[in-house]
Amino acid sequence: VDADGRKHFDLRLQTGRSELLPGRSTETWGVNGAYLGPTIRARTGDDVTMHVRNDLPEASSLHWHGMRLPAKMDGGPHQEVAPGATWSPHWTVKQPAASLWYHPHPHGKTAKHVYRGVSGMFLVDDAESDGLELPDEYGVDDIPLVIQDKKFTEDGELASGNESILDESVSGETGILGDTILVNGTHDPHFQASRTLTRLRVLNGSPARIYNLGFDDGRSFRVIGTDSGLLPAPQERERVVVSPGERVELLVRLEPGESPVLRSFPGGVGAGFPQDRLSGGDDTFDLIQLRAPTTLEPSQDIPEKLAEGERLTAPPDARVREFKLGGTSRINGERMDMARIDEVVPAGAIEVWEVRGGGNPHSFHIHDVAFRILDIDGEPPPAWLAGRKDTVYLPPGKRVRLVVEFGTDVDPEVPYMYHCHLLYHEDNGMMGQFVIV
Ligand code: C2O
Ligand code: CU
Ligand code: CU
């Protein structure tokens, strides 16, 4: 924190070696370390400056996924940082408490850079979230879970070594699907609980895999938040589907001596045979075991109400835009072109975006905005999915309608992105650009 109260963060993108599998050493990339990066924490109203130094052997970037900020601070493909250079974006945090994240976004190479390990969480707090009786002791009862799947070669390197993971020989229609799960960079992890309630801030940081989260013993949990903020009230669930780029905050209650396993179950892709199998939707993976000792400190009761914020609603004359994802990595028939602006949006607009996929699953993300799902193929979303979001799962063939609240940082020159967050699709051109005017 400097004399003006501005918070500075030093982030260095670097190469290294990590023990991702027991007894094996793997070449990885990370931020301020060999794999993944530190959790950044800031408050609504904070002025922040990031000092991003790129010590990777190639150009990269850091994008603040879910953050509302001026386009030139966004860290997308127009803000690449050359090897050896430092980029220092700055902005004022002006959005409610949420679990955001950061990751590289270099043009055509996002999958490779994320897959090698450059990602981290970016938590935003505000006065309202401070006032809620939620577990909030980081590392004790408030735990980030960055879920990633990996494929290793015989000699323990990330499959395809130093080459792009976008090599067709390893990537099918969906992109790379690994057979080994890492949580926070750890294989086969467990968490030692000390209180009866644990808050899990789950990030699907995988390039292509869709998880259908639940517990091995069938217990339910409460969903308290999604991508861009807390829900109005906790929602009890036994399963939640999380596609690449999405976050979900869960509260899990444990009794002394219990040790349930958070698992990904089949059925999350929702495409049927054979697409489910091709997209990894038939797979089962254990993610992390929660272990409760014989005595647990009692936690507070779960609050009945969470975020008071007004629900995003579209005015009757809201502009409607349609997006069709499909073909060979196209949106509305076009592949991403850095020099083409696809959409021009007035500052502060609230619009309805109708997004439709083809035969493959997709995950649709818009920079700089928060949105609410109006309906999925005409059906209202389940309550846990009706909160503030920035990324949405697009089940094959379904049409998802979103009410989108745009930011007010005008810049007719520098675009923001919208794209599929299955990174192989994104890198191959399933991305478009919009400016705020
Ligand atoms: Cu998470 Cu355009 O990115
Ligand atoms: Cu983003
Ligand atoms: Cu896609």
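Every value quoted in this text rests on a predicted model; they were computed, and no experiment measured them.

**Considering the overall build of the protein**
From N to C terminus, the protein includes four helices and 31 strands. Taking 2.2 N^0.38 as the reference for a compact globule, 437 residues should give roughly 22 Å; the C-alpha atoms of the protein span a radius of gyration of 20 Å, in line with that estimate. For the protein, the spread of C-alpha atoms along the principal axes amounts to about 60 × 60 × 55 Å. When each of the 437 residues of the protein is scored for burial, the buried share is 48%. Residue pairs at least 24 apart in sequence account for 78% of intrachain contacts in the protein once pairs closer than 6 positions are excluded.

**So, the UniProt feature "domain: Plastocyanin-like" (unreviewed entry) in the protein**
Following the UniProt record, one finds the feature "domain: Plastocyanin-like" (unreviewed entry) at residues 16–128 and 328–437. For residues 16–128, helix accounts for 7% and strand for 36%, while the C-alpha atoms at its two ends are 40 Å apart. Regarding residues 328–437, the helix share stands at 5% and the strand share at 46%, and the terminal C-alpha atoms are separated by 31 Å.

**Here's the deal with the sheet that holds strand S3 (residues 40–43)**
One open sheet accounts for four strands, arranged S3-S9-S8-S5; its pairing is mixed. The open sheet is flanked by S3 and strand S5 (63–65), the only strands paired with a single partner. Neighbour to neighbour, the strand axes of the sheet diverge by 25 degrees on average, direction disregarded. For S3 and strand S9 (residues 120–125), the ladder comprises four bridges, and the chain directions are parallel. When the sheet's bridge partners are listed, Ile-40 is paired in S9 with Phe-122.

**Observations regarding the nonpolar core**
Soluble globular proteins tend to pack their nonpolar side chains together in the buried interior. Ranked by internal contacts, the top residues of the largest apolar core, which has 105 residues, are Phe-122, Leu-145, Ile-147, Val-202, Leu-250, Val-355 and Leu-402. When neighbours within four sequence positions are excluded, Leu-145 is seen to be in contact with Val-183, Asn-184, Leu-200, Arg-201, Val-202, Leu-203 and Ile-288.

**Regarding the sheet that holds strand S13 (residues 190–192)**
Within the open sheet, the five strands sit side by side as S13-S21-S20-S15-S18. Their pairing is mixed. If you trace the sheet from one side to the other, it starts and ends with S13 and strand S18 (240–242), each paired once. The average angle at which neighbouring strand axes cross in this sheet is 25 degrees, direction not considered. Looking at chain direction, S13 and strand S21 (residues 285–291) are connected through three bridges and run parallel. The residue of S21 that forms the bridge with His-190 is Gln-289.

**Comments concerning unusual backbone geometry**
Note the cis peptide between Phe-273 and Pro-274, where omega equals 0 degrees. With respect to the helices, strands and loops of the structure, Pro-274 is situated in the loop between strand S20 (261–264) and helix H3 (275–278). You will see that Asn-32, though not glycine, has its phi angle at about 60 degrees, which is positive. Tracing the backbone through its elements, the reader meets Asn-32 in the loop between strand S2 (26–31) and S3. According to the C-beta neighbour criterion, Asn-32 is partly exposed, with 15 such atoms within 10 Å.

**Some words on the pairing of strand S8 (residues 98–103)**
With six of six residues buried, S8 is to be regarded as a mostly interior element. Neither face of S8 is open: one carries Ala-98, Leu-100 and Tyr-102, the other Ser-99, Trp-101 and His-103, and all of them are buried. In this structure, S5 lies alongside S8, joined through three bridges in antiparallel fashion. Counterpart to Trp-64 in the pairing with S8 is Tyr-102. Strand direction decides the pairing type here: S8 and S9, joined by five bridges, are antiparallel. Looking across to S9, one finds that Leu-100 is bridged to Phe-122.

**Some words on the confidence of the model for the protein**
Of the residues in the protein, 97% reach a pLDDT of 70 or more, and the chain-wide mean stands at 94. A low-confidence stretch, residues 161–171 (pLDDT under 50), is modelled with 21 contacts involving residues beyond four sequence positions or located in other chains.

**Some details on the pairing of S20**
With burial as the criterion, only one face of S20 is covered, namely that bearing Leu-262 and Ser-264; the residues Val-261 and Arg-263 on the opposite face remain uncovered. Here strand S15 (residues 211–215) pairs with S20 via three bridges, running antiparallel. Pairing of Gly-214 across the sheet is with Arg-263, part of S20. Summarising the sheet, S20 and S21 pair through four bridges and their orientation is antiparallel. Counterpart to Leu-262 in the pairing with S21 is Ile-288.

**Comments concerning the domain arrangement of the protein**
Domain annotation of the protein identifies domain 1 (7–125), domain 2 (142–291) and domain 3 (320–436). Relative placement of domain 2 and domain 3: their C-alpha centres are 23 Å apart. Elements with a contribution of two residues or more to the side of domain 2 that touches domain 3: strand S16 (221–226), strand S17 (229–237) and S18. Ranked by residues supplied to the side of domain 2 that touches domain 3, first place goes to S17 with four residues. Broken down by class, the residue content of the side of domain 2 that touches domain 3 amounts to 12 nonpolar, 13 polar and four charged.

**Let's talk about the environment of Phe-122**
Locating Phe-122 in the fold gives a position in strand S9. For Phe-122, a count of 24 C-beta atoms within 10 Å puts it in the buried group. Spatially, the C-alpha atoms of Phe-122 and Trp-64 are 7.9 Å apart, while their sequence positions differ by 58 residues.

**Side note on the environment of Thr-313**
Along the chain, Thr-313 turns up in the loop between S21 and strand S22 (320–326). Sequence separation of Thr-313 and Ser-259 is 54 residues, and the distance between their C-alpha atoms is 42 Å.

What counts as what
- Residues take numbers from 1 onward in each chain, read along the sequence in its written order.
- A letter from A marks each chain and a number from 1 marks each ligand, given out in the order of writing.
- Whole-chain, interface and lining totals are the exception, using all residues; otherwise, since this is a predicted model, local features are given only for residues with pLDDT of at least 70 and side-chain atom pairs are given and counted only at 80 or more.
- Helix and strand assignments come from DSSP, with helices taken as H or I runs of at least 4 residues and strands as E runs of at least 2, each series counted from the N terminus.
- As defined in this context, the radius of gyration uses C-alpha atoms, and a globule is described by 2.2 Å times the residue total to the power 0.38.
- Here exposure depends only on C-beta density: within 10 Å of a residue's C-beta, 20 or more other C-beta atoms make it buried, 12 or fewer make it exposed, and intermediate numbers make it partly exposed, the C-beta atoms being placed from the backbone.
- By definition, residue pairs are in contact when their C-beta atoms, positioned from the backbone, come within 7 Å.
- UniProt positions are given in the numbering used here, feature names are shortened, and annotations may be inferred rather than shown by experiment.
- Pairing between strands is defined by DSSP: at least two bridges between the two strands are required.
- Between N-to-C directions, angles span 0 to 180 degrees; the directions come from axes that are lines fitted to C-alpha atoms, helices contributing only their stretch in contact.
- The term nonpolar core refers to a set of buried Ala, Val, Leu, Ile, Met, Phe, Trp, Tyr and Cys residues connected through C-beta atoms within 7 Å.
- For every residue, the predictor states its confidence as a pLDDT score lying anywhere from 0 to 100.
- Domain start and stop positions are those given by an automatic or database domain assignment.
- Each residue is assigned to one class: nonpolar for Ala, Val, Leu, Ile, Met, Phe, Trp, Tyr, Cys and Pro, charged for Asp, Glu, Lys and Arg, and polar for all the others, Gly among them.

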